[in-house]
Amino acid sequence: EAKKKAEEEAAAQGRATGGVVLKTRKRDDKGQGSIGATEMTKLREQLQMLTKASNPLGKFLEALHEDVDTMARELDMWKNEAANQAQAAADAKKQTEEALRELNAKQQALEDAVNAKSAQINIVRGTVLQNDKTIDTLVRMVVNPDKQ
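Bear in mind the structure is a predicted one, so any value in this text is a computation, not a measurement.

Parameters and conventions
- Residues numbered from 1 in each chain as written.
- Predicted model: local features only at pLDDT ≥ 70, side-chain atom pairs only at ≥ 80, totals over all residues.
- Heavy atoms only, no water.
- Helix = DSSP H or I, 4+ residues; strand = E, 2+ residues; numbered from the N terminus.
- Buried < 20%, exposed > 50% of the residue type's maximum accessible area, 1.4 Å probe, protein only.
- Areas by Shrake-Rupley, 256 points an atom, 1.4 Å probe, with all protein chains shown as cover.
- Patch = residues over 30% accessible without salt bridge, like charges linked within 9 Å, V, L, I, M, F, W, Y side chains within 5 Å.
- Salt bridge = Lys/Arg side-chain N within 4 Å of Asp/Glu carboxyl O.
- Lys, Arg positive; Asp, Glu negative; His and termini not counted.
- Charge placed at Lys NZ, Arg CZ, Asp CG, Glu CD.

Engineer: Looking at this model, I keep getting lost on the overall build of the protein chain. Mind explaining?
Structural biologist: Broken down by element type, the protein chain carries 2 helices and 0 strands. The buried share of the protein chain, taken over its 148 residues, is 1%. Within the structure as shown, the protein chain displays about 14,000 Å² of accessible surface, and the carbon and sulfur contribution to it stands at 56%.

Next comes the structure, spelled out in structure tokens:
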């Protein structure tokens, strides 16, 4: 409640509130403030220590923001690189499939030709065997005409 009152008074006087505000207490009957010189020195030393301790933290936070920005840019770069490599792999796969399609067609044509030649060879073998039988029969007739 006292804080609100002080803020209202500061706003009425046109002063901004915020930050560290050191207030002195009303003077006692000896005319001295209730905060002594030693306490004020202690307070200054503590503030200096606090400032010294918080300064590296502030520098760290600044560096952290810079590092986060750098890491975000690097992440974007690697995502783009991954997309490029994926596209290159897909293109290479497509070219390989096209080349294989042509080779498979040639292989199928050769297999069909081999099967056709095998069929022709089997027909010729059958004809040769038939002719061998005919020749054998004719030779027997010539050699032994009585045993038909």
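Having seen the structure, we can now continue with the description.
Engineer: Quick question: what am I supposed to make of a nonpolar patch on the surface here?
Structural biologist: A cluster of nonpolar side chains, namely Leu57, Phe60, Leu61, Leu64, Val68 and Met71, defines an oily patch on the protein surface of about 540 Å² accessible area. Secondary-structure assignment places Leu64 in helix α2 (residues 37-143). Look at Leu64 and you get partly exposed, because its relative accessible area is 33%.

Engineer: Would you explain the pattern of salt bridges in this entry?
Structural biologist: Two side chains carrying opposite charge are able to pair once their charged atoms lie near each other. In the structure shown here, the tally under the stated rule is 1 salt bridge. With its nearest N and O atoms 3.4 Å apart, the salt bridge here joins Asp136 to Arg140. Here the residue Asp136 and the residue Arg140 both occupy positions in helix α2, the gap between them amounting to 4 residues, near one helical turn.

Engineer: Got a minute to help me understand a negative patch on the surface in this structure?
Structural biologist: A contiguous patch of negative charge on the surface is contributed by Glu62, Glu66, Asp67 and Asp69. Within the secondary structure, Glu62 is located in helix α2.

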